[in-house]
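Structural description and commentary
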Amino acid sequence: YVGFDLTATSLHIGSLVPMMVMAWLQRAGHRPIAVLGGGTTMVGDPSGKDQTRELLEPHIIAQNKAAIRQQLSRFITLDSGRENDALMLDNGDWLLDLQYIDFLRDVGKHFSVNRMLTAEGTRQRLERNQGLSFIEFNYHLLQSYDFLVLNEKYDCVLQVGGDDQWFHILGGVDLIRRVNGETACGFTVPLMTTASGKKMGKTESGAVWLNPDLVPPYDYFQYWVNVADADVIRFLKMYTFMDLDKVEELSTLEGAEIRRAKQVLAYEATAILHGHDNAGKARKAAERLFAGSGEVADMPQRSVQFPILAIDAYVEAG
């Protein structure tokens, strides 16, 4: 399973690797479980943060949940009638009604505070004297408990997440062993960076969101077209479902021909998220625009108001 906290109205490109892992495992015959954090988002994951997250109201979390559910459904098959149809669950269904004393007695007793203080994120916060709220300290128990619930109800034995989730994943693995005497596993993926070392999905204008209202299909297409030459083959393997033989053919392109591989990457990545129709429109819009045929309807339009320069400043500038 892969968990997604509902802290925003959209996931971004940084979430794509675990999403693609789910998609590939489903194609290999396994049943993925996407867990939406309706419960854990009420607490907030302190991993990688230098201060306490803003606590969101329940109605905001519900809105985020609906939007992110739609995005995830583009990557995993939910209702096809097959045995390995993906499940999409909300951990609020089992976390929000927990009896606190019972939870502490049944689950909390298996956790060592000394060990929790050694977690990388916790250690860094304490070393910087930034502190850690008690509610954040509980997050580790809640995510570990998620894994236990999924193991008991759905026979889930593998949790996938970013490498910043390693400590939480191990907490779930250990809890399952202690409570049920069973073996579970964790699988982490590294923080993705470009060939230049820049964080994947970060641009001058901000994060590359998966929500088309925040990043239109055309802009999403252009993001992939503009990746560095050194990244294109690696990204074709990671962010598309193309056969490796076809990817290897594209890897032989050199010089200006590499742009053809980028066009393939952009189309395939956009088609997964926004559908082949929108991917085709984005490709045609880019072709017409760069061919110099003028304004294109499918290209996003933005109005920018420039301040009126003072006359003397204009004259002084020449």
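Before reading on, note that the structure itself is shown above.
The following refers to the structure shown. (Residues numbered from 1 in each chain as written. Predicted model: local features only at pLDDT ≥ 70, side-chain atom pairs only at ≥ 80, totals over all residues. Heavy atoms only, no water.)

Digging into the side chain of Asn151
Assignment of secondary structure puts Asn151 in helix 8 (residues 139-154). For Asn151, the side chain forms a polar contact with the main-chain oxygen of Cys156, separated by 2.9 Å. Within the local environment of Asn151, its side chain forms a polar contact with the side chain of Asn180, the two groups lying 3.5 Å apart. Not counting residues up to four positions away in its chain, the partners in contact with Asn151 are Cys156, Val157, Ile176, Asn180 and Glu182. (Helix = DSSP H or I, 4+ residues; strand = E, 2+ residues; numbered from the N terminus. Polar contact = N/O pair within 3.5 Å; in protein donor to acceptor, adjacent residues only side chain to side chain. Contact = heavy atoms within 4.5 Å.)

Topic: helix 8
With 16 residues, helix 8 should cover 22 Å at 1.5 Å per step; its first-to-last C-alpha distance of 22 Å lies within 8% of that length. Within helix 8, 13 of the 16 residues are buried, which leaves the element mostly enclosed by the surrounding structure. Just downstream of helix 8 lies Asp155, where phi reads positive at about 60°. (Expected span 1.5 Å × (residues − 1). Buried < 20%, exposed > 50% of the residue type's maximum accessible area, 1.4 Å probe, protein only.)

Looking at the side chain of Gln159
Checked against the element boundaries, Gln159 lands in strand 4 (residues 158-162). Its relative accessible area of 3% is what places Gln159 among the buried residues. Setting aside chain neighbours within four positions, we find Gln159 in contact with Tyr1, Gln143, Phe147, Ile169, Cys185, Gly186 and Phe187.

A word on the pairing of strand 5 (residues 185-189)
In this sheet, strand 5 lies alongside strand 4 in parallel orientation, the contact comprising five bridges. Paired with Gly161 across the bridge in strand 5 is Thr188. Viewed along the sheet, the connection from strand 4 through helix 9 (residues 166-180) into strand 5 turns out right-handed. (Pairing = 2+ DSSP bridges. Right-handed = clockwise from strand over helix to strand, strands pointing away.)

A closer look at the nonpolar core
Core analysis: the largest hydrophobic core is formed by 60 residues, its most contacted members being Phe4, Ile13, Leu16, Leu72, Tyr220 and Trp224. Of all the secondary-structure elements, those providing two or more residues to this core are strand 1 (2-5), helix 1 (16-27), strand 2 (33-37), helix 2 (58-72), helix 10 (217-225), helix 11 (232-239), helix 12 (244-250) and helix 13 (258-290). In contact with Tyr220, other than residues within four places in its own chain, are Ile13, Leu16, Val208, Trp209, Leu210, Val215, Ala269, Thr270, Leu273 and His274. Residues Phe103, Phe111, Cys156 and Ile176 belong to the second largest nonpolar core, which totals 27 residues. (Core = buried A, V, L, I, M, F, W, Y, C linked by side-chain atoms within 4.5 Å.)

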